[in-house]
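Spelled out, the chains give:
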Amino acid sequence: MAAVRLEGLTKLFASTRAVDAIDLAVPDGEFVVLVGPSGCGKTTTLNMIAGLETPTAGDIWIGEARVTDWEPRDRNLGMVFQSLALFPHLSVFDNIAFPLRIKKVPEADVAARVQAVAETTRIAPLLRKRPATLSGGEAQRVALARTIVVKPAVFLMDEPLSSLDAKLRVEMRTELKRLHAQLSATFIYVTHDQAEAMTMADRIVVMHQGRIHQMGPPLQIYADPANRFVAGFFGVPAMNFLDGEVVAEGSDLRFSAAGLRPKLPAPRTATRGPTTLGVRPEHVRLGDGADASPATVSLIEPLGDETLVFLDYGAPVSLVAKVDAEDKVAVGDRRPFTLRPDRLIFFDSAGGRLR
Amino acid sequence: MGGSERPPYPPGARRAPGDPGRSSIDAQATCRTNPGRSWIDGVLARLERERVFKWLPFVPVQGLFALLLLPNALLLVYLSFLSWRITRGAWWNAPFTGLDSFLGALGDERFLWAVGRTFGFAAVAVPLELLLGFGLALLCREPFRGRRIYTTVFLLPMMIVPAVVGYDLSMLLIDQGPFNQVLSVLAGRPITVRWLSDYTAAKLAVIGADVWQWTALTFLVFVSGLAGLPRDPIRAARVMGANRWQIFWHVELPLLKPVIAIAVVLRSMEALKIFDYPMLLTQGGPGNSTETIAVYLWRMGWEFARVSDAAAMSLILLVVVSVYIFIAIRVLRRERRRLAEEAAP
Amino acid sequence: MMRRRLFGVARHAGLLVWMAITLAPIYWMVMTSFKHSGEWVTWPPRWVPHEPTLINYVKVLTPGTSTFELGRQTLKILKPLWDSLFIATTASLVAVALGSALAYSWTRFGTGGRRYPYNILSIRMVPPIVIAVPFVVYYVTLRLLDTYTGLILVYLATSLPYVIWMMLAFIEEVPVELEHAARVMGASRFRVLGRIVLPLTAAGLVVTFLFVFILNWSELLLAMTLTNTEVSTIPITLNKFQSANEGRDYGPQAAIGTIATLPVVVLGFLIQKHLVRGFSFGLLRK
């Protein structure tokens, strides 16, 4: 009923392809997050769904209707903006009542519905205030309330949490997820923050340079990235990328870079020659083993529960390992390390995944 | 929020099949194909299309300019190639004389003098206004007792109708008038300058009127400019050990460039139009000693009825002024671009 | 400490001199407007009227038309006052409506191209006298000479550039996301203008209106050019009776000057803070 489908959606600004022939189907009730670095086309995509930008080519379907050239007001959407876009000249009450009044809801119902939604979002005491006097979190809730009050079928959110401080942002993530469960409407959420995408999405859509690079559930994106861009975009700290070669050594295949020669587990066929190996910091282990490589600790960054250890193994870029905070490591220590063989992934020189 | 025991949203907020609160997309779709609204809504919906909507205000504005300016520009050129006076029948019957009017204009000493005089007035009045306005603005920069009163009073002249200013000064400057009286008191001896009938003094009177009225404007522009100076660069310079003079010269003055550009462009643009003061103070006299371009052209057209000559002169003036306008617009564009670049970090 | 003191005194001295220069002419005009004819021109000049009188105001404000014959003049300004008010108000209102719509369209859609406001501005920079000559011929042909419509159209054209430039600055301050939000919530573009843009730029609209009103109220050259006997504005009236040096009616003219100045000064102070925007070409830091 309120599924959203994009078909070959394209937007040109002058001659740059802001959005490049995107196909995406969002089933009814899904929480999908469009994520990517700034300028990747995610906001433009959202604006086209909302009708605020006209696509250069392609189609947008909401439910059964092709809405490509509909005015925004006819699309029955709710949208929360990065700046929240509360109307500064209206009180909180009037802000929330705005969409109802536009739709000519009788004034008695307006009051009741505003009151109800204000209760549920816990902003009832603020109704008479002006937006300028609200705190960041309060303004956030007003913006949500204003969107919920008309019960749209699809919610569009353009980095709605970016104006909040770190702690509130984490709280609001939970809040939004709960809201999604309550409303069971379709959510399309845009962010550049991979942590937001990971924590909230049913499905993540990774965008870069106007294209979709990968779609899938968060853990799949994290564990099985489609290419080097996706691999590097998710995870803090980022995945380690080691440039080297796959060489044959007897019956074994080994990866060779600087002082490093880990054995590769599965029989690999197509890969020979220059390759980039990717391994996440949590899959680098300190300690001796059959295949251990020598390294020196050059820097440590304690995170509290865990510690990041920067290892010099002879290459220009250090390797980052995430180890338990109990493990006492000091700068200058000589610590050999191993890589979890089942978690190594490989990319060709263009950044494509080698399987 | 937390508080997971009680449901944060009422059941009404849940989506239920056939929920009347939600107009489904399908309903919207039928609404579009079968509007059932009045024809006004239909027209509005059409006008609302972006490609229509964005041109709505352009139609009347461009229409107005096309209606007023285009025929006049053509007429101006056409008239200048004729030999026509208002008193001699209809203009479309006037004889075509080619470039005669232009040659006449370039050989007309009174016209050339008027042009030179106008630029001369501007060359004296504009720098004076800029310096005075800037100096006064600097004096009023930091808060002190009475600052509000001063700034309020200083802005008064620019709010007075220029014709009234001309008239007012014509009262003050009569031979036995209050201005001479004040000068006498200050000098300690009787002073009787004939401000409105002496060749040099009359010029000073016209320049004086312009300076009196428009220093208010340069003052206002500079006060706003100084108030808008960003604080951090100035503080940074102070921390780096710059003294007041260095800060002024190397930090504040460059930052003030856009504002200075406004003042220069605006005042020199207006100074070339001087009309009201000579008309009301001296009517261009004595002799032609205060006759500016605008005054002379006006006389050509109306007192002497030599329309074609006036048109030719207007065209010559337009060419001269175009050069100036071209430069002025370039300066404004450049400064605006720079400001935009500064604003975007 | 001493130096600061000294600077303070010098500053006040400098400012007081300019204040005197500023105020003296205004004071003189207002005082003259309250003087009997015997005190208009005397030596030494009288800075305070002996017996203040309202006769000059009564004279110019009684109904009738101004005449000038045999060196004697009677000045009546009810008609010019009404003409000025009507023409300036109408032209300014329409200019603000059209100009702000255009400024909106340009800021939001870039209609007309990036250079559009500059082109408009460069037209405005041409001295009006250049166009005055053919204008008369044109207006005679169209039968617009000496009519309200004629003058209003001209003032509309000359005010538009100022309106566009002032309103650009005000409209740019309204975040476009507010409009997007309203549109997604179901408002049409016209609704967005009425419910969001208009309230948020209301102050700007008032300021812009007053600004161009002052310009139109004060204009002399085009008014003189394009009117004759039917239509007459305040500046024209002042000028008409200035040309005759004999028997000048200083008192009544001073009264006219005061009447013409008063509303503008009041309006001017209302918008004092924003006044500079009118000619800042968007070049002012906030």
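Here we summarise the structure given alongside this text.

Calculation notes
- Residues numbered from 1 in each chain as written.
- Chains lettered and ligands numbered in written order.
- Predicted model: local features only at pLDDT ≥ 70, side-chain atom pairs only at ≥ 80, totals over all residues.
- Heavy atoms only, no water.
- Phe/Tyr/Trp six-rings, centres within 6.5 Å; stacked < 30°, edge-to-face > 60°.
- Buried < 20%, exposed > 50% of the residue type's maximum accessible area, 1.4 Å probe, protein only.
- Pairing = 2+ DSSP bridges.
- Helix = DSSP H or I, 4+ residues; strand = E, 2+ residues; numbered from the N terminus.
- Contact = heavy atoms within 4.5 Å.
- Buried area = accessible area lost by both parts, 1.4 Å probe.
- Salt bridge = Lys/Arg side-chain N within 4 Å of Asp/Glu carboxyl O.
- Polar contact = N/O pair within 3.5 Å; in protein donor to acceptor, adjacent residues only side chain to side chain.
- Nonpolar A, V, L, I, M, F, W, Y, C, P; charged D, E, K, R; others polar.
- Expected span 1.5 Å × (residues − 1).
- Axes fitted to C-alpha atoms, helices over the stretch in contact; angles between N-to-C directions.
- Parallel < 35°, antiparallel > 145°, perpendicular 65-115°, else oblique.
- Left-handed = near helix turned anticlockwise from the far one by under 90°.
- Core = buried A, V, L, I, M, F, W, Y, C linked by side-chain atoms within 4.5 Å.
- Bend = angle between axes of the 7 residues up to and from the residue.

### Some points on the packing of aromatic side chains
Residues and elements named next belong to chain B.
Phase 1 of the analysis: In this structure the tally under the stated criterion is 36 aromatic pairs over all chains.
Phase 2 of the analysis: Taken together, a centroid distance of 5.4 Å and an interplanar angle of 75° make the contact between W55 and F58 edge-to-face.
Phase 3 of the analysis: The partly exposed category is assigned to W55, whose relative accessible area is 41%.
Phase 4 of the analysis: Members of the aromatic cluster, each reached through a chain of ring pairs, are F134, F222, W245, F248 and W249.

### Details of the sheet that holds strand β21 (residues 353–354) of chain A
Residues and elements named next belong to chain A.
Phase 1 of the analysis: An order of β13-β12-β11-β14-β20-β21 is seen for the six strands of this open sheet, with the pairing classed as antiparallel. The open sheet has two free edges, formed respectively by β13 (263–264) and β21, since each of these has just one partner strand.
Phase 2 of the analysis: Direction of pairing for strand β11 (residues 240–249) relative to strand β14 (residues 273–279): antiparallel, over a ladder of seven bridges. By the bridge assignment for β14, V246 is matched with G273.

### Quick word on the interface of chain C and chain A
Put simply, an interface is often sized by how much accessible area is lost when its parts join up.
Phase 1 of the analysis: Each partner contributes to the interface: chain C provides 17 residues, whereas chain A provides 25 residues.
Phase 2 of the analysis: Buried area between chain C and chain A, summed over both chains or domains, comes out near 1900 Å², and the portion from carbon and sulfur atoms is 66%.
Phase 3 of the analysis: Broken down residue by residue, the surface that chain C buries against chain A is led by E177(C), V184(C) and M185(C), which jointly contribute 36%.
Phase 4 of the analysis: Counting every contact that joins chain C to chain A gives one salt bridge.
Phase 5 of the analysis: Close ionic contact of E71(A) with R183(C) constitutes a salt bridge, the shortest N to O distance being 2.8 Å.
Phase 6 of the analysis: Applying the counting criterion to the chain C and chain A interface returns five residue pairs in polar contact (both at pLDDT 80 or more).
Phase 7 of the analysis: Going through the elements one at a time, α7 (176–184) and α8 (189–218) of chain C are the ones with two or more residues in the side of chain C that touches chain A.
Phase 8 of the analysis: With seven residues, α7(C) is the single largest residue contributor to the side of chain C that touches chain A.
Phase 9 of the analysis: Tallied by class, residues from the side of chain C that touches chain A come to nine nonpolar, three polar and five charged.

### Points about helix α13 (residues 257–271) of chain B
Phase 1 of the analysis: Under the 1.5 Å per step criterion, the end-to-end length of α13(B) is 21 Å for 15 residues, consistent within 8% with the ideal 21 Å.
Phase 2 of the analysis: Extensive coverage of α13(B) is indicated by the burial of 11 of its 15 residues.
Phase 3 of the analysis: Every buried residue of α13(B) is accounted for by P258(B), V259(B), A261(B), I262(B), A263(B), V265(B), L266(B), R267(B), S268(B), M269(B) and A271(B).
Phase 4 of the analysis: Residues of α13(B) that are buried make contact with α6 (109–139), α10 (199–227), α12 (244–255) and α16 (307–343) of chain B together with α4 (116–125) and α6 (148–172) of chain C.

### Brief notes about the sheet that holds strand β4 (residues 57–62) of chain A
Residues and elements named next belong to chain A.
Phase 1 of the analysis: Within the open sheet, the four strands sit side by side as β2-β1-β4-β5. Their pairing is antiparallel. Strand pairing shows two members of the sheet lacking a second neighbour, β2 (16–26) and β5 (65–66), which therefore form its edges.
Phase 2 of the analysis: Together, β1 (4–13), β2 and β4 form the strand contacts of helix α1 (residues 42–50), whose direction differs from that of β1 by roughly 115°.

### What about the packing of α8(C) against helix α11 (residues 250–270) of chain C?
All names here are of chain C.
Phase 1 of the analysis: Remark: α8 packs on α11, axes separated minimally by 10 Å, with the N-to-C direction vectors making an angle of 160°. With respect to their mutual orientation, α8 and α11 come out roughly antiparallel. The way α8 lies across α11 gives a crossing that is left-handed. Residues L210, F213, I214 and W217 of α8 pack against A260, P263, V264, L267 and G268 of α11.
Phase 2 of the analysis: For the contact of α8 with α11, the residue count by class is eight nonpolar, one polar and no charged.

### Section: unusual backbone geometry
Residues and elements named next belong to chain A.
Phase 1 of the analysis: A cis geometry characterises the amide bond from V236 onward to P237, with omega recorded as -10°.
Phase 2 of the analysis: Considering the arrangement of structural elements, one finds P237 in the loop between α8 (228–233) and β11.
Phase 3 of the analysis: A positive phi is found at R122, a non-glycine position, where the angle reads about 60°.
Phase 4 of the analysis: With respect to the helices and strands, the residue R122 is situated in the loop between α3 (107–120) and α4 (136–148).
Phase 5 of the analysis: For R122, a relative accessible area of 32% gives the class partly exposed.
Phase 6 of the analysis: Non-glycine residue E159 carries a positive phi angle of around 45°.

### A word on the interface of chain B and chain C
Phase 1 of the analysis: Across the boundary between the two partners, chain B contributes 104 residues, which contact 99 residues of chain C.
Phase 2 of the analysis: Each partner contributes to the roughly 9700 Å² buried at the junction of chain B and chain C, and carbon and sulfur atoms together form 77% of this total.
Phase 3 of the analysis: By the criterion of area lost to chain C, the three top residues of chain B are M159(B), Y167(B) and R336(B), representing 8% of everything that side buries.
Phase 4 of the analysis: Between the two partners, chain B and chain C, sit zero salt bridges.
Phase 5 of the analysis: Counting every contact that joins chain B to chain C gives 13 residue pairs in polar contact (both at pLDDT 80 or more).
Phase 6 of the analysis: When residues of the side of chain B that touches chain C are assigned to their parent elements, the largest contribution, 16 residues, is made by α16(B).
Phase 7 of the analysis: When its residues are assigned to classes, the side of chain B that touches chain C shows 77 nonpolar, 14 polar and 13 charged.

### Here's the deal with the nonpolar core
Phase 1 of the analysis: Among the nonpolar cores identified, the biggest contains 236 residues, and I188(A) and F154(B) are the most heavily contacted of them.
Phase 2 of the analysis: Leaving out residues up to four positions away in the same chain, I188(A) has contacts with V4(A), V26(A), V32(A), L34(A), L46(A), I49(A), V154(A), F155(A), L156(A) and M157(A).
Phase 3 of the analysis: Residues V92(A), V105(A), L176(A) and A185(A) belong to the second largest nonpolar core, which totals 49 residues.

### Re helix α4 (residues 58–80) of chain B
Phase 1 of the analysis: The terminal C-alpha atoms of α4(B) lie 32 Å apart, and with 23 residues this matches the ideal 33 Å at 1.5 Å per residue to within 8%.
Phase 2 of the analysis: Largest kink in α4(B): about 30°, centred on A66(B).
Phase 3 of the analysis: Inspection of α4(B) places F58(B), V61(B), L64(B), F65(B), L68(B), N72(B), L75(B), L76(B), L79(B) and S80(B) among the buried residues, and these make up the whole buried set.
Phase 4 of the analysis: For α4(B), the secondary structure elements touched by its buried residues are α5 (100–107) and α16 of chain B together with α3 (78–109), α4, α5 (128–142) and α6 of chain C.

### Overview of the environment of F310(A)
Phase 1 of the analysis: You can see F310(A) is positioned in strand β17 (residues 306–312).
Phase 2 of the analysis: Measuring from C-alpha to C-alpha, the distance between F310(A) and K322(A) comes to 9.0 Å, with 12 residues separating the pair along the chain.

None of the figures reported here should be taken as evidence of function without further support.
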